[in-house]
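# Commentary on secondary and tertiary structure
Single-letter residue listing:
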Amino acid sequence: MIQPSGAGAHVHGAADVDAWALVESAAMTAVGAVALLYAIALWMSRHRSPWPRWRTASWFAGSACAALAAGPIATAAHESFTAHMVGHLLLGMLAPLLLVLGAPLTLALRALPLDGARALSRLLRRAPVRWVTHPVVAALLNGGGLWLLYGTGQDPDGLFALMHESAFVHAAVHLHVLLAGYLFTASLVGRDPDAHRAPLAMRVGVLVAFIAAHSMLAKWLYAHPPVGVDALDAQVGAQVMYYGGDVVDVALLVLLGWGWFAATRPRSLSARPVATA
Amino acid sequence: MTSTAASVPAVRPGRRLLASGLLFGAGVAASVIDLLIFHLLLQWHHFYDLSTLEVALAADGLFHAVAWGMTVAGLFLLADAARRERIAWGRWWGAVLAGLGGFQLLDAAVLHKLLGLHQIRYDVDLLPYDLAWSGSAVIALVVGVVILRRTRRRA
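Note that residues are indexed from 1 along each chain, following the sequence as it is written. Just so you know, chain letters begin at A and ligand numbers begin at 1, following the order they were written in. Per-residue local features of the predicted model are confined to residues with pLDDT of at least 70, and side-chain atom pairs are confined, for both listing and counting, to 80 or more; whole-chain, interface and lining totals are unaffected and use all residues.

## Examining the overall build of chain B
Where we set the bar: Under the DSSP-based scheme used, a helix requires at least four consecutive residues in state H or I and a strand at least two consecutive residues in state E, with every element numbered from the N terminus. Remark: C-beta atoms are placed from the backbone, and a residue is labelled buried if 20 or more other C-beta atoms sit within 10 Å of its own, exposed if 12 or fewer do, or partly exposed between those counts. Once C-beta atoms have been placed from the backbone, residue pairs whose C-beta atoms lie within 7 Å are recorded as contacts.
Counting its regular elements, chain B contains five helices and zero strands. Listed N to C, the secondary structure of chain B is α-α-α-α-α in terms of helices and strands. Taken across its 155 residues, chain B has 37% of its residues classed as buried. In chain B, the proportion of contacts linking residues at least 24 apart, taken out of those at least 6 apart, comes to 90%.

Quick look at the structure:
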């Protein structure tokens, strides 16, 4: 692991090793369950109109990203901050985007019996759900969590150091990264029904502010390596965050633009004869 | 025909094309050119040189985010114009050049000189680089504005 003390081999006790193994297998089981639930919902709704294949592909690709981040990359991240950052990009940005494009709630509404679908739809309209899916709140949960984690990275008692001491804090931080990333992505470019979708201008503004904050944090990390991370590792990791983040952020901008493009399609377009040169 | 989807106000066709070119040109100047040519291809400078004040860091972050937004918005406005009208490509390119030159000039003056953000290249005499950067910006801006003036009547 990244040594918060920075000195010598830090040997975990047997109970400690058990905790890390337990957390890892729980994470892999959860990711497997999430993929399995989607497959069950597909099977339950097989008599309905065809479900777009790319949505299914997107959901399973998102699950695979999360599994990769929770398994092999999490193991490598014990040694390397760069691997840690690759894991965060997968878990906090790419997996959420792919999962959101899988439109899981739409699929659930198709798969559930009428009463179940009604109950789910009522649940989604509840005030707390409405708050956390507001773009500003979701952006604060997502970006705020990152600032808390890396902003206190140099504090030996900060969250970053604590996360490498305790398997459970580690799991909680990573669960937060995935869920906040999902809420943020869904609030901007969600494909599921959303009775309170924020206006486009607000979503664009929130995304631009988030991109700015993300790139500032990457530069801050470049100059301020967290405890136990050597300078070169921090610099490579910060660049992974900066450039990798850009790739996903531009994809989000394109999806927002695509939404606008589809919504502003002129009604006259289909009726109008093809223009001749 | 200007009927559009319910909540979206109609935009005059010429305006949409002009906005598309200006946004795309400005966005490309700050995002694509800097990223592809200076960071990746030539590796003259890097995304951060560790010497920047916090206010300049914040300005650069915002600049960076807005640039990507403008690039994408410019392309979608172009696609929107293309489904509504025949594109006057000459005029669009004029707007792209004007946007590119204008934004590049702003970048040189405000970010690099006023706020002292990273320089174009390190360990060399900066003057020829700064002159080439600002000079090419002025040329693009002037050529763009001339094209826009000459194509005005046809738009």
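What follows continues from the structure just given.
## Points about the nonpolar core
So the rule is basically this: What makes a nonpolar core is a set of buried Ala, Val, Leu, Ile, Met, Phe, Trp, Tyr and Cys residues, with links drawn between C-beta atoms within 7 Å.
Judged by nonpolar contacts, the single largest core of 104 residues is most densely connected at Ala66(A), Ala69(A), Leu90(A), Leu94(A), Ala95(A) and Leu207(A). Filtering out sequence-adjacent residues up to four positions away, Leu207(A) remains in contact with Leu188(A), Leu252(A), Leu253(A) and Leu256(A).

## A word on the confidence of the model for chain B
All names here are of chain B. The cut-off we apply is this: Confidence scores per residue from the predictor, reported as pLDDT, run from 0 to 100.
Predicted confidence across chain B gives a mean pLDDT of 80, with 73% of residues reaching 70 or more. Within chain B, no element has a lower average pLDDT than helix α2 (residues 32-41), which sits at 72, and none a higher one than helix α1 (residues 13-30), at 90. Note that pLDDT drops below 50 for residues 1-7; the model gives that stretch 13 contacts with residues more than four away or on any other chain. Of the two predicted TM-score estimates for the complex, the pTM is 0.86 and the ipTM is 0.82.

## Things to note about the confidence of the model for chain A
Averaged over chain A, the pLDDT score is 89; the fraction of residues at 70 or greater is 91%. Note on residues 3-11 of chain A: pLDDT under 50 across the span, and 12 contacts to partners over four residues away in sequence or across chains.

## Overview of the packing of helix α11 (residues 200-223) of chain A against helix α3 (residues 54-84) of chain B
Between two packed helices, what matters for the description is the angle formed by their axes and the separation of those axes. Just so we agree on the cut-off: Axes here refer to lines fitted to C-alpha atoms; in helices the fit is confined to the stretch in contact. Angles between the N-to-C directions go from 0 to 180 degrees. Geometric relationships in this document are graded by angle, where less than 35 degrees denotes roughly parallel, more than 145 denotes roughly antiparallel, 65 to 115 denotes roughly perpendicular, and other angles denote oblique. Take the far helix as your reference; a near helix turned counterclockwise from it by less than a right angle gives a left-handed crossing, and one turned clockwise gives a right-handed crossing.
Where α11(A) meets α3(B), the closest approach of the two axes is 8 Å, and the angle between their N-to-C directions is 135°. The angle between α11(A) and α3(B) places the two elements in the oblique class. In terms of crossing hand, the pair formed by α11(A) and α3(B) is right-handed. In this structure, α11(A) contributes Val204(A), Val208(A), Ile211(A), Ala212(A), Ala213(A), Ser215(A), Met216(A) and Lys219(A) to the contact, and α3(B) contributes Leu57(B), Ala58(B), Gly61(B), Leu62(B), His64(B), Ala65(B), Val66(B), Trp68(B) and Gly69(B).

## Things to note about the packing of helix α8 (residues 135-151) of chain A against α11(A)
Residue and element names in this part refer to chain A. Here is the rule: Residue type decides the class: Asp, Glu, Lys and Arg count as charged, Ala, Val, Leu, Ile, Met, Phe, Trp, Tyr, Cys and Pro as nonpolar, and the leftover types, Gly among them, as polar.
One can describe the packing of α8 onto α11 by two numbers: an axis separation of 10 Å at closest approach and a directional angle of 5°. Here α8 lies roughly parallel to α11, going by the angle between them. Taking contact as the criterion, the partners of Pro135, Val136, Ala139, Gly143, Leu146, Trp147 and Tyr150 in α8 are, on α11, Met202, Arg203, Val206, Phe210, Ala213, His214, Leu217 and Leu221. The residue makeup of the contact of α8 with α11, split by class, is 12 nonpolar, two polar and one charged.

## Some remarks on the environment of Gln154(A)
Residue and element names in this part refer to chain A. Along the chain, glutamine 154 turns up in the loop between α8 and α9 (159-165). For the pair glutamine 154 and valine 227, spaced 73 residues apart in sequence, the C-alpha separation works out to 5.0 Å. Ignoring anything within four residues of it in the chain, the contact list for glutamine 154 reads His224, Pro226 and Val227.

## Points about the environment of Gly237(A)
Residue and element names in this part refer to chain A. Topologically, glycine 237 is positioned in helix α12 (residues 231-263). Residue glycine 237 is classed as buried on the basis of its C-beta count, with 26 C-beta atoms lying within 10 Å. Along the chain, glycine 237 and threonine 82 lie 155 residues apart, while their C-alpha atoms are 4.1 Å from each other. In this view, glycine 237 contacts Phe81, Thr82, His84, Met85 and Leu221; residues no more than four positions away in its chain are not counted.

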